[in-house]
Amino acid sequence: MEDLGHTIMHLAMPLFDIIIVFLNFLSILVLVWGVIIAGYDFIKSECSHANHVEAARHNNFIRNFLGSYVLLSLEILIAADIIESIINPTSADILRLAAVVVIRTVISYFLHREIQDALDNEETMEKLNKNK
């Protein structure tokens, strides 16, 4: 039975390698796509907002939007690293996976906090504008 498991893993290794390469490539695509969209929104915002305070507020939303793409890209990388760590469990792979998870967790925490602060500020501004 143990030989059957090794045989299956040996036959599936090329498939897993292709999946890992695909996930790494997908991660890059997601990141580049987010940068393109954020760059386009930034240029459009700078050209359309005469009020610099409003432009700065919109830039914060663009930054948070880009951060969500960075997080998605990191999530995809984590999936690829988990698969790679399972099929080739070296200490270097496990350390890299741990580092990516820590980075993703820190970015996720601060991005979530920034988005919540931006939403709270937007609600406060709407209430102030209604009271005028």
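Residues numbered from 1 in each chain as written. Predicted model: local features only at pLDDT ≥ 70, side-chain atom pairs only at ≥ 80, totals over all residues. Heavy atoms only, no water.

Looking at an unreviewed UniProt entry, one finds the protein named DUF1622 domain-containing protein and attributed to Candidatus Enterococcus myersii.

What about the environment of L71?
Our working definition: Strands here mean DSSP runs of E at least two residues long; helices mean DSSP runs of H or I at least four residues long; both are numbered from the N terminus. The contact criterion used is simple: two residues touch if any of their non-hydrogen atoms lie within 4.5 Å.
Position of L71 among the secondary structure elements: in helix α2 (residues 52-87). Between the C-alpha atoms of L71 and V106, which are 35 residues apart in sequence, the distance is 10 Å. Apart from residues no more than four positions distant in its own chain, L71 is found in contact with R104, I107, S108 and L111.

Observations concerning the nonpolar core
Burial of nonpolar side chains together is a common tendency in soluble globular proteins. In plain terms, the rule: Side-chain atoms within 4.5 Å are what join buried Ala, Val, Leu, Ile, Met, Phe, Trp, Tyr and Cys residues into a set we call a nonpolar core. For each residue, the accessible area found with a 1.4 Å probe, counting protein chains only, is set against the maximum for its type, and the residue is called buried under 20%, exposed over 50%, and partly exposed in between.
Judged by nonpolar contacts, I20, L23, V30, Y69, I76, A80 and I87 together constitute the single largest core of seven residues. Counting residues per element, the ones that place at least two in this core are α1 (2-48) and α2. The greatest single-element share of this core, amounting to four residues, is contributed by α2. Setting aside its immediate chain neighbours within four residues, L23 contacts I76, A79, A80 and I83.

Concerning the UniProt feature "transmembrane region" (unreviewed entry) in the protein
Applied cut-off: UniProt positions are given in the numbering used here, feature names are shortened, and annotations may be inferred rather than shown by experiment.
The feature "transmembrane region" (unreviewed entry), as annotated in UniProt, sits at residues 18-40, 61-82 and 94-111 in this numbering. End C-alpha to end C-alpha, residues 18-40 measures 33 Å, and it is 100% helix and 0% strand. The distance separating the terminal C-alpha atoms of residues 94-111 is 25 Å; by composition the span is 100% helix and 0% strand.

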